[in-house]
Amino acid sequence: MNAYKNIAVRAAERAGNFVAKAFANRDRIIAQSKGPNDFVSNIDEQAEQIIIDTIKHSYPDHAILAEESGQHGDSDTVWVIDPIDGTTNFLMGIPHFAISIAVRQKGKTLAAVIYDPIKDEVFSASNGGGAQLNNTRIRVSDKKKLDNSVLATGFPFRSNQDLGEYLRYFETIFPLCIDMRRAGAASLDLAYVAAGRLDGFWEFGLSEWDTAAGILIVKEAGGFVGDIKGSPFQEKSKSILAANPGVFKHFMKSVKDL
Ligand code: 2AM
Ligand code: CA
């Protein structure tokens, strides 16, 4: 398991160094639209290739599920990759984005890494091995309720998403906590919940590669993760609530009648 984590960290650091260099020379980035409000650049694609090459060098038979190039191969072991989570930040020159990699075997996540190449922070976890920031153990915060908590969220930026439902949740939760952040990289929101920098994170309409690594890191740091309706999180779940146990329960109780 730690062998998987070591390769994931190596792949994330290689891609992260490449992405950080590109960020310093942003005039050379070529961006394209994948759909309304959804962007990809040549750097996302090249970073993804660096990650895949690093994994394939050690594990040529494993399968890949990557945001930009989709699914390759057929194996019980699948590497779930987001080469740049927070592409909009990256393209705007906002230094808040990450490389996210999770290793899944028969549906169970065994190892995960989220690397912020600007702050040089490596968040990682292995199943049963706890969660770390660089090499130091991290834990979720210990607030018992939403009172005094700071949460992160993501807005429903896609045109087909239900803004009304999102706003009902916001209206219910916002008055109960201190404040809400929208930083634009779901993987880092999850990593920050694991590190106790945030008390919780909720969003609708995410993809597997945004959350696969962060979920293991939050759980290994003692947090709870579910979909926003309170059901256990499944691979294909789109909405998420991740929080420390007390905040998770208070959030769920507060939105149960929405
Ligand atoms: P991405 O950069 O890998 O696409 C947060 O809302 C999540 O949604 C991010 O993790 C981000 O992942 C994705 N996202 C895609 N387009 C976005 C946009 N226009 N604004 C904010 N987030 C976006
Ligand atoms: Ca991405």
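Coordinates for the structure precede this section.
Everything quoted here is computed from the prediction, not taken from an experiment.

S.K.: Even after reading the chapter, I still don't get the coordination of the calcium ion (ligand 2), so can you show me in this structure?
M.R.: Protein-derived ligands of the calcium ion (ligand 2) are Glu67 (OE), Asp82 (OD), Asp82 (OD) and Ile84 (O), with the metal-ligand distances lying across 2.2 to 3.2 Å. Each donor residue of the calcium ion (ligand 2) belongs to the same chain, with the gaps between them written as E-x14-D-x1-I. Taken together, the positions of Glu67 in the loop between strand S3 (63–66) and strand S4 (70–72) and Ile84 in strand S5 (residues 77–85) put the pair 17 residues apart, joining distant regions of the chain. No difference in accessibility class separates Glu67 from Ile84, as the two residues are buried.

S.K.: It is not clear to me how the packing of helix H1 (residues 2–24) against helix H2 (residues 42–58) should be interpreted in this structure. Could you clarify?
M.R.: Helix-helix packing is described using two parameters, namely the angle between the two axes and the distance between the axes. The geometry of H1 relative to H2 is characterised by a closest axis approach of 9 Å and an angle of 155° between their N-to-C directions. By the angle class used here, H1 and H2 are roughly antiparallel. By crossing handedness, the relation of H1 to H2 is classed as right-handed. Contact with H1, carried on its side by Ile7, Arg10, Ala11, Arg14, Ala15, Phe18, Val19 and Ala22, involves Ile43, Gln46, Ala47, Ile50, Ile51, Thr54, Ile55 and Ser58 of H2 and no other residues of that element. Residues of the contact of H1 with H2, tallied by class, amount to eleven nonpolar, three polar and two charged.

S.K.: Teacher, can you tell me more about the site of ligand 1 here?
M.R.: In the vicinity of ligand 1, 17 residues are found, and the nearest of them are Asn37, Asp85, Gly86, Thr87 and Glu203. Contact between ligand 1 and Asp210: an oxygen atom at 3.5 Å from a side-chain N or O atom of the residue. Computed on the free molecule, ligand 1 has an accessible area of 460 Å², of which 91% lies beneath the protein chains in the complex. Secondary structure elements with two or more residues in the shell around ligand 1: S5 and helix H3 (87–92). Residue contributions to the shell around ligand 1 peak at three residues, all from S5. Tallied by class, residues from the shell around ligand 1 come to five nonpolar, five polar and seven charged.

Parameters and conventions
- Residues numbered from 1 in each chain as written.
- Chains lettered and ligands numbered in written order.
- Predicted model: local features only at pLDDT ≥ 70, side-chain atom pairs only at ≥ 80, totals over all residues.
- Heavy atoms only, no water.
- Donors = N, O, S within 2.8 Å, 3.2 Å for Na, K, Ca; no water.
- Helix = DSSP H or I, 4+ residues; strand = E, 2+ residues; numbered from the N terminus.
- Buried < 20%, exposed > 50% of the residue type's maximum accessible area, 1.4 Å probe, protein only.
- Axes fitted to C-alpha atoms, helices over the stretch in contact; angles between N-to-C directions.
- Parallel < 35°, antiparallel > 145°, perpendicular 65-115°, else oblique.
- Left-handed = near helix turned anticlockwise from the far one by under 90°.
- Contact = heavy atoms within 4.5 Å.
- Nonpolar A, V, L, I, M, F, W, Y, C, P; charged D, E, K, R; others polar.
- Near = heavy atom within 4 Å.
- Polar contact = N/O pair within 3.5 Å; in protein donor to acceptor, adjacent residues only side chain to side chain.
- Areas by Shrake-Rupley, 256 points an atom, 1.4 Å probe, with all protein chains shown as cover.

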